[in-house]
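Descriptive analysis of the structure
The residues making up each chain are set out below.
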Amino acid sequence: MRPPLLEARDLTLRFGGLVALDGVDLTLGHSEILCIIGPNGAGKSTLFNLISGIYRPQRGSVRLEGQDITWLPAHRIAAAGVVRTFQTSRLFNDLTLVDNVVIGMHSRTRTGVLTALLQPRAARRELNTAARRAGELIRSLSEDLYERRNTLAGALPQADRRRLEIARALASDPKMVMLDEPSSGMDDRDTDRLIADIRRIMAQRPGLSFVIIEHDMRLVGAIPERVMVLDYGRKIAEGCYADIRVMPRVQEAYLGQKAAHA
Amino acid sequence: MHGVDITAGPMARRQTGGVVQSVAIVAGLEIGGAALLRTFLLSDATWVVVGLLAVFGAAFAALQIRPRLEEHIAVAFREMRLFALLLGCGIVLIYPFLMQGSSYALHLLITAQLYAVLALALNFQLGSANIPNFATAASYGIGAYSSALLAIHFGISVWLTLPVAAVVATVFGFALGFPAMRTRDTYLALVTIAFGIVIHQLLNNFTWTGGPNGLAGIPAPSILGHSFNSPIILLGFRLPSQANFYYLAAALVALSIVCARLLHHSRVGLAWNALRSDELAARCQGINVVWYKMLAFGVDAFLAAFAGSIYAFYVSYIAPDNFTFLVSVTIMTMVIVGGMDNTFGVIAGAFLLILLPEKLRIFDDYRLLFVGVVVILFLLLRPQGLFPQRPRNYGDH
Amino acid sequence: MDMLLAQHLLNWLVQGSILALVALGFSLLFGVLNVIHFSHGDVSIVGPFVALAVMQYLLVEILPHTWASALILAAAVAIFATGCLGVALDWLVIRRFRTAPAMMALVATVALGAVIRELIRMLYPQGSNPQPFPELMSAQFEIEGLSVPISTLFMFAVSVLMVAGLYVIMHRTPLGMRIRAVAQDRDIARLMGIHPNRIFAATFFIASAVGAIGGIFYASSAGLVRFDFGIQLGLIGFSAAVIGGLGSMHGAIIGSLVLAGIDTLAQATLADGAAYRLVFAFLLVILVLVLRPSGLFGKPVFEKV
């Protein structure tokens, strides 16, 4: 049987005395969307940081298509096809939009110092091809963004920053994308566009999976097949949104405060 | 700059109004700049120097007030790239003939060019990747000492010592970059400071490096029987012997510029820029941050060693005090003042910081004070430097 | 042999404690401001110069023949003035880099150090030359054949007292509480009614004043002082703070003792150890940074993502 795309087992991390994550399991199939919800400090971003290799777990393992990636350096995990966005978007602000996306293709391009110096034509060709592809990728997300492709990323408004971060993540042709609160700082119209974007990307890229940390219940209700609820570093529920939202434990931990917005 | 597409080819091209204008802009700037520099080099009067500075300041202010001007210039140079290149090379080649045989002017030019190379070398780190390296002077020294020792003790041809010295320094560079695996920012800066001091102290203490007295009697190179210590006589012109080293240094500057441009406009340059901008985000894009940092150290050391070798052969006498922490700080200043990650800016910074104190002799005593104040003011008021980094241009796509 | 050993031990302790006075400043400033104040060594060396100037003025103009009281008064003035200089530098330059990238603050304070050195050189009469600096006390006494200069013991005692005093200030006084609150979280401290800028000023005053004492002791034990002594004092003091772990007070002290120990050991055991002292000290710095990037006693930093 084909192993699941991502399989995390028993992930545990403490900061000093504080338990950030306590024995969390996570399984993600191919072409699947999983949403992670939970109150602030529940360990959602910590989970992303463990999977993407920024933090190291004290216990547990992460497997990508059966391969153990728990201890791979972050850049190798990204190259293996696991990419992410950040809660407060971390674009390369002093570079252009195209540059940002071309950097996203880093693990799919080859030029090193010697090639750059000794075979400048090949290096240039590779970079120009990457830039053209980056342009197309940006265009597929937003015509407006494409018009601004040669301006600096630092000048973009919030919603466009999120969009560009998604473009940068997709640039490496990943197997899975982790989105950390993609709708934060967006109004309803932008969130609707985001939902549409994610659906379109799913349709265009068969096999691609998403893990999304989200607060906006509209998005959580609209997109994923599966929702996982974290509270105090533990998984307290998992299932489809309709089931999850009526569970007393979940309402107590999370929806109690947030149900009003849903 | 905000929101305006500043690199769109066709749009900008329409604004320039044709080839003639572009040629005029390129020729005017290159010849004008060369003429101003010549006046500056050959003049002893303080008022001339101050006047030229005023011209420079005015030109710079004009660029500030009218950013469009900068765009026109950039577009003109991009369109007339070949013409600009040929004209530039021509000017560099005939420049020594315009120096009225002044060996002092040539000496200043050589020094400025060697420092331009050092600044370009450091720019790979400080400008492209935001790695503070306070040990460029150490790489410079390692290059100089390696070449000098090989030439003095083993009689190896000067031309052969150049690549050997560069390789030696590059190995040291990678070794220095190794701690980058575990340290960053301030801590990495401290590692480089410590490394620079260790190298300086060792050069000062070893007997085989001549101790504090250094190495003397480094042989001058020669090419096809023409010693670099003898004047160049060409078509009835007689150039002082410094002209030999002027051309050598110019060739090295050209090599450095080519390296800088090729690397900047490649996957490597982008990776450096990414880790300058946000190291963590860069890691998450698949960039091996440690490797790229070490690479920056290696490239820096490689170029700095070339500059060191040529310096050693030029002055034929080197001592540890040519390669101190303060030299590293000076090189850093050139990059900051000129403009991080802007090739032209970095070279301009090197020329300004070498030539200005030389010419403003009345300020001789205040030289370091001047440098210190300038750096602080720049960091406060214009942290991007005189000529800020320009966005990459991928042509029309 | 034993006597030699005792001599070395004494030398080590005194050197280490002088160094600690400077290293503590680096550590304190970093802990509170999160900024490397690289010119702290040069600020510290302003202390002995002010002391010299004041003392000469006093001896000539006001209190001739009262050497001891002139020295004490001069040292007091110098310590206070250097503290004020630290506050002024913060106000003029360093505070403007508080939100800038770490590297910019570093380069700016390196440049600031050059400015301070050059100003000393230009403002002090014949500032380019080394200036003789008096011993604090000239008497010495003997214990079992070992002659101990009183000034050495005095410097050691004062250093220990200063360190103890700093501990008390930081942990037992309202000011210390506020400083630590600002170091922990500037914004929360502000919400609690603490003015961070005043705390920064206070921190600069304390660090610079303590540094000035270190500078005066440094000059006194060397017998002279030159405008550029601050480079070496700063580099070694900063290294000590980094080895111990920036932001940790006892780390700075232990780092100072380690560096002074290496120095003493090199001079005691190697024929030309004195020539290689800096090499060993800075190789150790590199080694510690590579093996324990946050220093011996620093807390590993978790990057917030």
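Residues numbered from 1 in each chain as written. Chains lettered and ligands numbered in written order. Predicted model: local features only at pLDDT ≥ 70, side-chain atom pairs only at ≥ 80, totals over all residues. Heavy atoms only, no water.

Spatially, the four strands line up as an open sheet ordered 2-1-4-5 (chain A), and their pairing is antiparallel. In this open sheet, the two edge strands, each paired with only one partner strand, are strand 2 (18-28) and strand 5 (67-68) of chain A. (Pairing = 2+ DSSP bridges. Helix = DSSP H or I, 4+ residues; strand = E, 2+ residues; numbered from the N terminus.)

With that settled, consider the sheet that holds strand 3 (residues 33-37) of chain A. All names here are of chain A. Spatial strand order, 6-7-8-3-9-10: six strands in an open sheet with mixed pairing. Each end of this open sheet is capped by a strand with a single partner; those strands are strand 6 (82-84) and strand 10 (234-239). In this sheet, neighbouring strand axes are inclined to one another by 20° on average, regardless of whether the strands run parallel or antiparallel. In the sheet, strand 6 pairs with strand 7 (residues 176-180) via three bridges, with the strands oriented parallel. Across the sheet, V83 pairs through a bridge with V177, a residue of strand 7. Its contacts with the sheet place helix 1 (residues 44-51) against strand 3, strand 6, strand 7, strand 8 (209-213) and strand 9 (226-231), and it is angled at close to 145° to strand 7. Set on the sheet, helix 7 (residues 158-170) makes contact with strand 6 and strand 7; between it and strand 7 the angle comes to about 160°. (Axes fitted to C-alpha atoms, helices over the stretch in contact; angles between N-to-C directions. Contact = heavy atoms within 4.5 Å.)

With that settled, consider the domain arrangement of chain B. Reports often express the size of an interface as the amount of accessible area lost when the parts come together. All names here are of chain B. Looking at the assigned domains, one finds that chain B contains domain 1 (1-98) and domain 2 (103-380). On a C-alpha basis, the centroid separation for the pair domain 1 and domain 2 is 26 Å. Between domain 1 and domain 2, the residue contacts involve 15 residues of the former and 18 residues of the latter. Summing both sides of the interface, domain 1 and domain 2 together bury roughly 1,400 Å²; the carbon and sulfur share of this comes to 83%. Considering only the side of domain 1, the residues that lose the most area to domain 2 are L41, P96 and F97, jointly responsible for 42% of the buried surface there. The interface formed by domain 1 and domain 2 holds zero salt bridges in total. For the pair domain 1 and domain 2, the number of links is two residue pairs in polar contact (both at pLDDT 80 or more). (Domains from an automatic or database assignment. Buried area = accessible area lost by both parts, 1.4 Å probe. Salt bridge = Lys/Arg side-chain N within 4 Å of Asp/Glu carboxyl O. Polar contact = N/O pair within 3.5 Å; in protein donor to acceptor, adjacent residues only side chain to side chain.)

A word on the interface of chain A and chain B. Contacts between chain A and chain B engage 45 residues on the former and 38 residues on the latter. Summed over both sides, the interface of chain A with chain B buries roughly 3,700 Å², with 61% coming from carbon and sulfur. Where chain A touches chain B, the interface holds three salt bridges. Note that R276(B) is salt-bridged to D94(A), the shortest N-O span being 3.3 Å. On inspection of chain A and its partner chain B, the count reaches 11 residue pairs in polar contact (both at pLDDT 80 or more). Going through the elements one at a time, helix 2 (74-79), strand 6, helix 3 (97-104), helix 4 (113-118), helix 5 (120-141) and helix 6 (143-147) of chain A are the ones with two or more residues in the side of chain A that touches chain B. The dominant element in the side of chain A that touches chain B, judged by the number of residues it contributes, is helix 5 of chain A, at seven residues. Of the residues belonging to the side of chain A that touches chain B, the class tally is 20 nonpolar, 13 polar and 12 charged. (Nonpolar A, V, L, I, M, F, W, Y, C, P; charged D, E, K, R; others polar.)

Turning to the pattern of salt bridges, a few remarks are in order. Residues and elements named next belong to chain A. Within the structure shown, the criterion is met by 32 salt bridges over all chains. With its nearest N and O atoms 2.6 Å apart, the salt bridge here joins E32 to R226. Of this pair, E32 sits in the loop between strand 2 and strand 3 while R226 sits in strand 9; the two residues are 194 residues apart in sequence, bridging distant segments of the chain. With a relative accessible area of 18%, R226 lands in the buried category. Taking the shortest distance from any N to any O, the salt bridge between E165 and R168 comes out at 3.7 Å. Of this pair, E165 and R168 both sit in helix 7, three residues apart, roughly one helical turn. Connected through shared salt-bridge partners, E32, R226, K235 and E238 make up one network. (Buried < 20%, exposed > 50% of the residue type's maximum accessible area, 1.4 Å probe, protein only.)

All names here are of chain C. Among the surface-exposed residues, M137, F141, I143, I150, L153 and F154 lie close enough to one another that they form a single nonpolar patch of about 440 Å² accessible area. Put simply, the parts of the chain that give the nonpolar patch at least two residues each are strand 2 (140-143) and helix 5 (150-172). The leading source of residues in the nonpolar patch is helix 5, at three residues. Positionally, I143 belongs in strand 2. (Patch = residues over 30% accessible without salt bridge, like charges linked within 9 Å, V, L, I, M, F, W, Y side chains within 5 Å. Areas by Shrake-Rupley, 256 points an atom, 1.4 Å probe, with all protein chains shown as cover.)

Here the focus is the confidence of the model for chain C. Interpreting fine coordinate detail is not advised for predicted regions of low pLDDT. Residue and element names in this part refer to chain C. Scored by pLDDT, chain C has a mean of 86; 96% of the residues are at 70 or more. Model confidence for chain C, summarised as mean pLDDT per element, is weakest for strand 2 at 72 and strongest for helix 8 (residues 196-222) at 92. For this predicted complex, the interface confidence comes out at an ipTM of 0.93, alongside a pTM of 0.90. (pLDDT = per-residue confidence, 0-100.)

In this structure, L26(A), L47(A), F210(A), F134(B), W272(B) and I318(B) are the most contacted members of the largest nonpolar core, which totals 320 residues. Here this core takes 17 residues from helix 13 (residues 289-315) of chain B, the largest share from any one element. When residues of this core are assigned to domains, at least three fall in each of domain 1 (1-98) and domain 2 (103-380) of chain B. (Core = buried A, V, L, I, M, F, W, Y, C linked by side-chain atoms within 4.5 Å.)

Even without being glycine, D173(A) reaches a positive phi, approximately 50°. Tracing the chain through its elements places D173(A) in the loop between helix 7 and strand 7. Take D173(A): its relative accessible area is 42%, and that puts it in the partly exposed class. Despite not being glycine, S316(B) has its phi angle at roughly 60°, a positive value. Within the secondary structure, S316(B) sits in the loop between helix 13 and strand 6 (317-318).

Residue and element names in this part refer to chain B. Summing up the model confidence of chain B, the mean pLDDT is 87 and the portion of residues at 70 or higher is 94%. Within chain B, helix 6 (residues 103-123) carries the highest mean pLDDT (95), whereas helix 1 (residues 9-16) carries the lowest (46). Predicted confidence is poor over residues 1-14, with pLDDT under 50, and the contacts of this stretch with residues over four places away or in other chains come to 23 contacts.

Tallied over the full model, the rule gives 25 aromatic pairs over all chains. Plain terms: the ring middles of F60(B) and F387(B) are 5.8 Å apart, the flat faces sit at 85° to each other, and that makes the pair edge-to-face. On the criterion of sequence distance, the pair formed by F60(B) in helix 3 (residues 46-65) and F387(B) in the segment after helix 16 (367-381) is long-range, its members being 327 residues apart. Neither F60(B) nor F387(B) differs from the other in exposure class; each is buried. Ring centres of F49(C) and Y124(C) lie 5.1 Å apart, and the angle between their planes is 70°; on these two criteria the pair is classed as edge-to-face. (Phe/Tyr/Trp six-rings, centres within 6.5 Å; stacked < 30°, edge-to-face > 60°.)

Let us look at the packing of helix 2 (residues 40-62) of chain C against helix 4 (residues 102-123) of chain C. Residues and elements named next belong to chain C. Interhelical geometry of helix 2 versus helix 4 gives an angle of 15° and a closest axis separation of 9 Å. It follows from the interaxial angle that helix 2 and helix 4 lie roughly parallel. The way helix 2 lies across helix 4 gives a crossing that is left-handed. Residues D42, V43, I45, V46 and F49 of helix 2 lie in contact with helix 4, whose contacting residues are G113, I116, R117 and I120. When its residues are assigned to classes, the contact of helix 2 with helix 4 shows six nonpolar, one polar and two charged. (Parallel < 35°, antiparallel > 145°, perpendicular 65-115°, else oblique. Left-handed = near helix turned anticlockwise from the far one by under 90°.)

It is worth spelling out helix 3 of chain B at this point. Three or four residues apart is the spacing at which side chains of an α-helix point the same way, because the helix has 3.6 residues per turn. Residues and elements named next belong to chain B. End to end, helix 3 covers 28 Å across 20 residues, agreeing with the expected 28 Å (1.5 Å per residue, within 8%). Buried within helix 3 are the following residues: V48, V49, L52, F60 and L63. Looking down the long axis of helix 3, one finds its buried residues gathered within 115° of arc, a one-sided arrangement. Seen from the buried face of helix 3, the exposed residues on the opposite side, beyond 90 degrees, are W47 and I65. Contacts from the buried residues of helix 3 go to helix 2 (19-42), helix 4 (67-79) and helix 15 (343-359). (Expected span 1.5 Å × (residues − 1). Arc of directions from axis to C-beta.)

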